[in-house]
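For reference, the chains in residue letters:
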Amino acid sequence: MFLKFLKIILHTGVTVLLTVITQIGGLVYLLTLLFIKQNVTHFRLKRTAFFILLYCSATYLIVPPLASYLGREPIKESEVLKAHALFYTLANRNYVTPELNDVLNKSAKDFQQKYPGIELVYLDASFPFIDGFPLLPHLSHNDGKKVDISFIYQDNFGNMTNLKPALSGYGVYEAPTVSEYNQPDVCEKKGYWQYDFTKYASLSTINQELKISEVGTKALSLCILKNPAVSKMFIEPHLKKRMQLYDTKVRFHGCQAVRHDDHIHFQVK
Ligand SMILES: [Zn+2]
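By convention here, each chain's residues receive numbers from 1 onward along its written sequence. Reporting in this predicted model follows two pLDDT cut-offs: at least 70 for local features of residues, and 80 or more for side-chain atom pairs to be given and counted; totals over whole chains, interfaces and linings ignore these cut-offs and use all residues. Neither water nor hydrogens contribute to the side-chain values; these are computed over all heavy atoms in the structure.

## Side note on the sheet that holds strand S6 (residues 153-154)
Strands qualify as paired when DSSP identifies two bridges or more between them. A run of H or I in DSSP becomes a helix once it reaches four residues, and a run of E becomes a strand once it reaches two; helices and strands are each numbered from the N terminus. Taken in spatial order, the 3 strands line up as S7-S6-S8 in an open sheet, and their pairing is antiparallel. At either end of the open sheet lies a strand with only one pairing partner, and these are strand S7 (160-161) and strand S8 (211-212). Relative to S7, S6 runs antiparallel, the two being bridged by 2 bridges. By the bridge assignment for S7, Tyr153 is matched with Thr161.

If you want it as structure tokens, here you go:
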């Protein structure tokens with residue numbers, strides 16, 4: 001009896017976790033439990049294989065056309081527009097409206113004309129289905145109209161590179177210098193403890209020698225901002241000032257959000 005209760009708790013936990021991370025993973029897990037019963041031989045092995053097969057088929061074959069029919073599509077990757085890691089596409093966190101897809105592709109091409117070989121790299125966008133279903137930890141990424149992108153970085157010699165400093169894409173900050181306005185400090189003093197919570201999200205720092213390319217990041221931001229479909233861009237205030245991004249679309253996101261000196265967020269109307 002106790003063992004059965006424990007199993008229910010475990011299956012519920014896995015279902016919730018997979019749903020939170022990938023949206024469709026929880027459903028695929030439940031289907032796996034339904035189709036591969038515990039009384040078949042090697043049921044654990046069979047369940048694992050069935051889950052992987054069904055999840056990958058759903059993610060790469062079934063979900064894209066279905067989501068597209070319902071109004072969102074996967075970000076169209078190209079030579080100039082890429083996900084930071086396989087995780088973002090594998091976990092279905094790469095869905096946007098056709099309009100945002102268009103802005104991303106145009107901005108990436110535009111930027112490439114100025115800096116050939118340097119890619120626009122995206123992080124979390126939205127899940128494929130259901131308006132209002134948040135892509136945690138970003139509460140607002142729930143309608144296909146928002147996306148996070150990486151800064152452009154430069155190496156020790158000042159050359160722009162496609163390498164990034166955080167394994168996950170988040171959590172390695174370009175913190176304010178002593179002479180710059182320190183928004184993270186202000187938010188933390190007001191009691192918003194979650195403001196720099198993303199420092200736990202980097203997973204690991206790689207390419208430690210990299211520094212933000214202010215020239216490259218500003219140029220990329222301007223390629224995005226000039227598109228009339230773009231309504232807002234969030235970047236930490238000290239970087240906005242440092243890069244002189246004075247477009248009125250560049251706003252402060254508020255202390256209730258997380259700090260934006262490790263990535264840029266932008267959204268369409
Ligand atoms: Zn965002």
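Next comes the rest of the description.
## Let's talk about the state of the cysteines
When two cysteine sulfur atoms are found within 2.5 Å, that pair is recorded as a disulfide. The tally for this structure, following the rule as stated, stands at 1 disulfide. Two residues share a disulfide in this structure: Cys187 and Cys255, whose sulfurs sit 2.0 Å from each other. With the S-S bond torsion at -80°, the cross-link from Cys187 to Cys255 turns out left-handed. Here Cys187, found in helix H6 (residues 183-189), pairs with Cys255, found in the loop between strand S10 (250-251) and strand S11 (264-268); they are 68 residues apart in sequence, far enough to count as distant. On the basis of relative accessible area, Cys187 is assigned to the buried category, the value being 0%. Accessible area is worked out with a 1.4 Å probe on protein chains only. A residue is then buried under 20% of its type maximum, exposed over 50%, and partly exposed in between. For Cys255, a relative accessible area of 7% translates into the label buried.

## Here's the deal with the packing of helix H2 (residues 25-35) against helix H3 (residues 43-70)
For the pair H2 and H3, the least separation of the axes is 9 Å and the interaxial angle reads 140°. Taken together, the axes of H2 and H3 are oblique relative to one another. The interaxial crossing formed by H2 with H3 has right-handed handedness. On the side of H2, the interface is formed by Gly25, Val28, Tyr29, Leu31, Thr32, Leu33 and Phe35, while H3 contributes Arg47, Phe50, Phe51, Leu54 and Tyr55. A fitted line through C-alpha atoms serves as each axis, taken over the contacting stretch for helices, and the angle formed by two N-to-C directions is quoted from 0 to 180°. Any angle between 65 and 115 degrees counts as roughly perpendicular, while under 35 counts as roughly parallel, over 145 as roughly antiparallel, and the rest as oblique. Working rule for handedness: look at the near helix, and if it is turned counterclockwise from the far one by less than a right angle, call the crossing left-handed; if clockwise, right-handed. Contacts were defined at the residue level, with two residues in contact if any of their heavy atoms lie within 4.5 Å.

## Description of the coordination of the zinc ion
Counted as donors are N, O and S atoms no farther than 2.8 Å from the metal, or 3.2 Å for Na, K and Ca; water is not among the atoms, and sites may therefore look incomplete. Protein coordination at the zinc ion comes from His141 (NE2), Asp148 (OD) and His265 (ND1), with a distance range of 2.1 to 2.2 Å. Here the donor residues for the zinc ion map to a single chain with the spacing H-x6-D-x116-H. Here His141 is found in the loop between strand S4 (120-122) and strand S5 (146-149), whereas its partner His265 is found in strand S11, with 124 residues between them in sequence. Taking the relative accessible area as the measure of exposure, His265 reaches 2% and is therefore buried.

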